[in-house]
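Spelled out from the first residue to the last, the chains are:
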Amino acid sequence: MATSVRATADGYPPPAKNAPSSSPPGDGPPQGWRQKLYRFDTKASPYAYIAPFFLTFAAFGLFPLIYTGWLSLHQVELGAPAHWVGFKNYTRLWDSSFFWTALRNTFTLGVISTVPQLMMALGLAHLLNYKMRGRSFFRVAILAPYATSIAAASLVFVVLFNPDYGMINQMLGHLGVHGINWETSKWPSQIAISAIVTWRWTGYNALIYLAAMQAVPGDLYEAAALDGASRWRQFISVTIPSIRPTIFFTIIVSTIGATQLFGEPLIYGGGVGVSGGSAHQYQTLSLYMYEKGWTNNELGQASAVAWVMLLILLLIGAVQLLVMRANRRKVKG
Amino acid sequence: MAQLTETSRSMPGPRHSAAGGKRRRFRADAAGKQQNAGPVAYVIIAFAALVSLFPLYWTVVAASRTDTEIVTPPTPLLPGSHLIDNLKIVWDQVDMTKALINSTIVASCVALSTVLFATLAGFAFAKLEFRGRNALLSVVVATMTIPPQLSVIPLYQIITNVHWVGHLQAVILPSLVAAFGVFFMRQFLSEALPIELIEAARVDGAHSLRIIWHVVFPIARPAMAVLGMLVFVQAWNDFFWPFIALSQQNPTVQVALAGLGNGNHSVDHAIVVTGALVATLPLLVVFAVLGKQIVGGITAGAVKS
Amino acid sequence: MRTSGRTRTAAVIAVAGLATCATLITGCSDSKDKSDKGSNSSSGSSDQITLRIGDFGSFGYDDKTGAALFAEYHKLHPNITVKEDATSDGQRYWDTLKLHLSQNSGLDDIQAIEVGYIAEADQPNLAGKFEDLGKVANVDDWVSYKEKQATTPDGKVIGLGTDIAPTAICYRKDLFQQAGLPTDRDAVGRLWAGDWQKFVDAGKTFKKKAPSGVAFIDSGSGLFNAVLASQPSQYSDASGKLIYDTSPGVKTAWDLATEAVQEGLTAKLKQFNTDNSWNAAFKTSKFATIACPSWMIGQVRDNSGPALKGKWDIASPPQAGNWGGSFLAVPSSGKHIKEAEDLAKFLTSAASQVKVFQKFGNLPSTKAGLNDPAVQSATNPYFPGTPVGKIFAGTAAQIQPAPIGKYDGQVKTFITDNGILDMEQHGTSKEKAWGNVQALVKDKISE
C-alpha cells in the first residue's frame, strides 16, 4: 500500500508495470492517421502546454535578464548613454564593505525570518487539516496578513516597535527588559523586520502545505493511529514525510524570497529605509541594489548587484537540488 | 470512454480506537480520515488567528481616527468616530472606485490566466515525458531569481514601445510570467496525480485535452484554488510596477494609495490607512469565496491500489 | 468521472473571464486613450483640452483642500480642464519621473521638481527633455537665487519657482525664560545675530539652567542643514563638481553641528522619523528650539497641540538660508506645450502664490508675491502677535545664492543620517563619523 504513495511522490511512474485493470480496453490502440495524430498529440502537447509560460517569459523575463546583464558591464545613468567598463562593477562590489554588509544582513535576515516561519506554517497547516469548528474562518484568518497591504502592516509594526510608546517595549518593560531600540540597533531591528516578514508569510506557506496535505491519504493516519501513534507522532511520521517535496518547494521559494527581501525593511525604515537604517544595519542586497540604481544613479553597478544575487540563488538552488537528489536516491534505494 | 470511478482511498474505520496506550479520540467518517481537532489545536489556532488579525483590526481602528490621534501616544486601541469622514476624504483625493474596478480586472485576469497556464505547464513538467524537460524546468526556477526592482527599467522600455503606458495591459501581461505557479502546480500534481489515471485514459483513446479536462483539473482543484488566491492577492497588492506603468488617471488601488494622504508638508496617516483598509476588504471577500474550494481532508479522483 | 453541474458552471465562468481578459489584453480598451496626455486634437485652442500636472506632497493648488487654482483657471479658459496627479512620497515621485523621462512616456504636461533634485534635472541628460521656460517667462520676477537653481550651465531655465523656504528659528518662550534667556524675539535674534557660533554658545548657556530633560535643539541634523543653507559655498562648486570635503561651508556646518552634539545640546531626534518619536517630542517639550523653514510652522503647530499655543515664537536666524521649495517644469514631449507653459506661468504668478500662501503657508518665490501686503502682514493664530510673514519675507530677502550640484542630496543624507545621527544615536566619535561619510561618498558616488 505504501509503495503507491511514495513512488509517485516525485512524479516518476512506478517502475512496476501495474497495468490499470479498472476497465476493459475500449477500441484498442487507434489506427492509421489517428495513430499518427495520437503520437503527435503525445509528443507535441507537452510543448504546447508550456508554451504560454515560455512566450511571456521570453518577452518579460528573458529580455530584462539579458539587458540587466549587459548593463552590468557598463557605467550608465538612467537615460544617458552607457560607457563600457567590463567587470569593473563586479570588482567594485568585491571591494565594497557596504556590499558585504548587505550580503551578511540578507543572510541573517533570511535565516531569522524563514526558518521559524516555515516550521510554524507546517504546524499550523497540520492543525488546520483537522476537522474543527470555524475552520473556514480560521483559514481565512491566517491568510489575512498576506492580504493586508504592506503599507498598512508596516505602519502597525512601526507603532508596535516604537521604543518609547510601543506595546512591545511596554510588555518587555513589565518583564524587566528596558530600552531596546528596535530601529537603530542591529539585531533588534533585524528581529523586528523578521517579525513583520514572518507575520506576513506564515499563512501563505501554511496554505501551500495545507493544499499538499489534501493529497495525503487518510488510511496512513488511520494505520498510524491504530498503532497508537499520538498526534505529534502522526505529524512527524506521516504528514511531514508525505509532503516532503512540497516542503522542499517552499524552502526554495522562501530562500528566493529571503534573498530578494525588499519591501518590509524599506517601509520599516521610512526615510532611512533605502539605506537600511542610518548605519546600514538592515540593508539587504535588494535595498543596496535599489540604492545604487535609483538614489546613486549608478545603473551599471545596480545591475551587477542584481546578477550577483542571481548567481547566489543559482548556487543555493544547485545545492538544494543535490540534496533533493540524494534524498530521492535514499527513498528509492 | 471508460468511467473513472471517483473513490476515496480509505475505508470506514472503527468508531473508537480502542488499541494503543494513548487514548486519542479518533473518528472516521465515510469520506476519509477526518480527525477532530483537540483542545490544544484550538488554542494554538485561535492564538495564531489573533496574531494574524490584530494588525488588520488595528487598521480599522486607525481608519476611524484622525492623524493626530494615531501619532500621539498612547496608541489608540479602540475604534474612533471618523471612519465616514476619512472615507469621504479618500474618495475626494483619488478615484477609488475606478481603482477598485481596475484592480479587480487586473487581479482576476492575472489569476485566471496564471492558474490556467501554470496548471497546464505544471502538468506537463510533472507527468509528461518530453525532451529537455529538466533543463526547461531549471529555466523556470531560474526566472524566479530575477529581482523585480531592476527589471522594471527594460520592462518600461518594452511597454513604452508598444504604447501600453497608462493602460491595464501594461500591468496584466508582465505578471503572467508565473514561474512560481508552474513550480507550485508541478509540485502538487507530481504528488497528487497518479500516473495510472493518465495511462488508463490514454489506453481508452483519450487525447490530451480530454485528459486535462477530466483527470487533471478535478484533482488539481484544491491547488488551483490556492494558487488562484495567492496570485490574486499578489496582483492586487503589487505596488512597485503599477506605480511606474500607470497613473492616477487610470490607477489600481495600490497606485491610488500612493496618492493619498497629502497633508500640508506631512502625511495624513489616517487617510492612508483608510485607503489601505478599503484596498484590503475585497481580498477578504475573495478568500471567503475561494476558500470553500479547498476541500478539507478528502482526496478526489483517487484510485484504489 | 462525471463532470458535475458545478464544475460546468465554473468552466463557463472561467472561459468567459478569459475571453474578457483576452479582449483587454489585445488592447481593445481604447476608451482609456482619452486620458493619455490630453485629448485627441492638438490644434486649435477652441477644443477641449485636459492638462495634467504631476506633483507630490502639498502644492496647495487643488480645488478641494487648496487654493482652488484649477477651478479659477478653468473659468479663465473654459476649454481647459486641469487634473492633478499627486503622490505623497517625493522620493518615489522623482525616481519614477526619471524613468518616465528616459523613455519620454507616461509624463504629465507639467511636472513638479523639488529643489533637492533640481540640480540633477539641470544636467544635460535630463535638462534636454524640458522646455526652456526662460523664453516664456520673465526670470527677474523671482528672487534671484531661486531661478538660478533651475538654470542649466548654458542658460536654459527648466523650471519656474513655486515656493521658497527661508529658515528662521522657532523657540519656546517659556523654556527660554526658565533657562534665563531673553524671550522677546528681537532680543533673541540679537543673541546670535550674524554668527551661528553664537547660536551654539546660546545653547550652552541654555543648558546650564535648562529644565531637566529639555535639550536646546531637536537634532544635530536640523542645525547642520540650517547652517549650511546660509553658507555661500556648499556641497558643490560653480561648475557642479562635488567639493564637500574641502568646502568651507560644509566644514563650518559640520563643526558647529558636531559641537552641539558633543556638548549634549541636541535631543538626538531624527526629523520626520516614521515611528513618530520626533512628532511626539514637541508635545513632551524635549527641546526648546528648532530650525524653522516656513513650512515647518505647520509641523510645530500640529505636533505641539493646542496646549502649547502661544508658547512658541519665531526669531531671525543668525544667517539667512533656504531649505526647501519646488519648481514647475514642462516636458518637451507633451502634446500641449503652449497651454502647459501658460498654466505653469499662471500657477507660479505672484497672485496665485499669495493665494496658496494664505491657504497652505507656502511662501511665494516671486518678488511681487513676497512684497504683497497679504504676505507681509500675515500672522498665524498659533503664534499670536508674531509677524510671521514679515519675518520670513525679510529673511528671504537676505538669502545669498550658492551653487548646487547633482550629488548634493546624497551627500546631505550621508552627513545627516549616517554622520551626525550616527553620532547622536550610537555615540560614534566625530572623526569616525566623518570617516563613515567619506567611505559612503567613495562607494556611492563615482566621479
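The structure we're discussing is the one just above.
Source: prediction; values computed, not measured.

A.B. asks: Pulling in residues and values, what's your account of the overall build of chain B?
C.D. replies: Across its full length, chain B holds 13 helices and 0 strands. Each helix and strand of chain B, ordered N terminal to C terminal, gives the series α-α-α-α-α-α-α-α-α-α-α-α-α. Expressed as a percentage of the 305 residues in chain B, the buried residues total 61%. Once local pairs closer than 6 in sequence are excluded, the contacts in chain B between residues at least 24 apart make up 68%.

A.B. asks: For the overall build of chain C, give the residues involved together with the corresponding values.
C.D. replies: Helix and strand counts for chain C stand at 20 helices and 9 strands. With respect to the three principal axes, the spread of C-alpha positions in chain C is 85 × 65 × 50 Å. By the burial criterion, 56% of the 447 residues in chain C qualify as buried. Looking at chain C as shown, the accessible area adds up to about 17,300 Å², and 53% of this sits on carbon and sulfur atoms.

A.B. asks: Which residues make up unusual backbone geometry, and what are the values?
C.D. replies: Even without being a glycine, His-163 of chain B presents a positive backbone phi close to 60 degrees. Take His-163 of chain B: it is sitting in the loop between helix H6 (148-161) and helix H7 (169-172). For His-163 of chain B, a relative accessible area of 65% corresponds to the exposed category. Of note in this structure, Ala-68 of chain C is not a glycine but carries a positive phi near 55 degrees. By the element assignment, Ala-68 of chain C lies in the loop between strand S1 (49-56) and helix H2 (69-76).

A.B. asks: So what's going on with the interface of chain B and chain A? Residues and values would help.
C.D. replies: Each partner contributes residues to the interface: chain B has 125 residues there, and chain A has 107 residues. At the junction of chain B with chain A, the criterion picks out 0 salt bridges. Run the count over chain B and chain A and you get 6 residue pairs in polar contact (both at pLDDT 80 or more). Grouping the constituent residues of the side of chain B that touches chain A by class yields 79 nonpolar, 29 polar and 17 charged.

A.B. asks: Quick one: what's the story with the packing of helix H4 (residues 97-128) of chain A against helix H11 (residues 244-259) of chain A, residue by residue and with numbers?
C.D. replies: All names here are of chain A. Orientation of H4 relative to H11, taken along the N-to-C sense of each, is 150 degrees, at an axis distance of 9 Å. By the angle class used here, H4 and H11 are roughly antiparallel. Classified by chirality, the crossing of H11 by H4 is right-handed. Here Thr-106, Gly-110, Thr-114, Leu-118 and Leu-122 of H4 come into contact with H11, specifically with Ile-247, Thr-250, Ile-251, Ser-254, Ala-258 and Thr-259.

A.B. asks: Lay out a nonpolar patch on the surface with the relevant residues and their values.
C.D. replies: Residues and elements named next belong to chain A. On the surface, a cluster of nonpolar side chains totalling about 410 Å² of accessible area is made up of Phe-107, Val-111, Val-115 and Met-119. Inspection of the secondary structure puts Phe-107 in helix H4. According to the relative accessible area criterion, Phe-107 is exposed, its value standing at 59%.

A.B. asks: An account of the state of the cysteines is requested, with residue identities and associated values reported.
C.D. replies: Residue and element names in this part refer to chain C. Within the structure shown, the criterion is met by 1 disulfide over all chains. Covalent S-S linkage joins Cys-170 and Cys-292, the inter-sulfur distance amounting to 2.0 Å. For the disulfide bridge between Cys-170 and Cys-292, the dihedral angle about the S-S bond is near -105 degrees, and by the sign convention the bridge is left-handed. Within this pair, whereas Cys-170 is found in strand S4 (residues 160-172), its partner Cys-292 is found in strand S6 (residues 287-293), the two being separated by 122 residues in sequence.

A.B. asks: How would you summarise the interface of chain A and chain C if you had to cite specific residues and measurements?
C.D. replies: With 32 residues of chain A at the contact, the number on the chain C side is 28 residues. Broken down residue by residue, the surface that chain A buries against chain C is led by Leu-78, Ser-278 and Trp-294 of chain A, which jointly contribute 21%. At the boundary of chain A and chain C, one finds 2 salt bridges. Measuring nitrogen to oxygen at the nearest pair gives 3.1 Å for the salt bridge that ties Lys-406 of chain C to Glu-77 of chain A. Taken together, chain A and chain C are joined by 12 residue pairs in polar contact (both at pLDDT 80 or more). Elements that contribute at least two residues to the side of chain A that touches chain C include exactly helix H12 (263-269) and helix H13 (285-295) of chain A. With 6 residues, H13 of chain A is the single largest residue contributor to the side of chain A that touches chain C. For the side of chain A that touches chain C, the class distribution of residues is 12 nonpolar, 14 polar and 6 charged.

A.B. asks: Go over the pairing of strand S7 (residues 312-315) of chain C, please, and point to the residues and values.
C.D. replies: All names here are of chain C. Of the two faces of S7, both are covered, the one formed by Trp-312 and Ile-314 as well as the one formed by Asp-313 and Ala-315. As paired elements, S4 and S7 share 4 bridges and run antiparallel to each other. Residue pairing in the sheet places Ile-169 in a bridge with Ala-315 of S7.

Cut-offs used in this document
- Residues numbered from 1 in each chain as written.
- Chains lettered and ligands numbered in written order.
- Predicted model: local features only at pLDDT ≥ 70, side-chain atom pairs only at ≥ 80, totals over all residues.
- Heavy atoms only, no water.
- Helix = DSSP H or I, 4+ residues; strand = E, 2+ residues; numbered from the N terminus.
- Buried < 20%, exposed > 50% of the residue type's maximum accessible area, 1.4 Å probe, protein only.
- Contact = heavy atoms within 4.5 Å.
- Areas by Shrake-Rupley, 256 points an atom, 1.4 Å probe, with all protein chains shown as cover.
- Salt bridge = Lys/Arg side-chain N within 4 Å of Asp/Glu carboxyl O.
- Polar contact = N/O pair within 3.5 Å; in protein donor to acceptor, adjacent residues only side chain to side chain.
- Nonpolar A, V, L, I, M, F, W, Y, C, P; charged D, E, K, R; others polar.
- Axes fitted to C-alpha atoms, helices over the stretch in contact; angles between N-to-C directions.
- Parallel < 35°, antiparallel > 145°, perpendicular 65-115°, else oblique.
- Left-handed = near helix turned anticlockwise from the far one by under 90°.
- Patch = residues over 30% accessible without salt bridge, like charges linked within 9 Å, V, L, I, M, F, W, Y side chains within 5 Å.
- Disulfide = S-S within 2.5 Å.
- Buried area = accessible area lost by both parts, 1.4 Å probe.
- Pairing = 2+ DSSP bridges.

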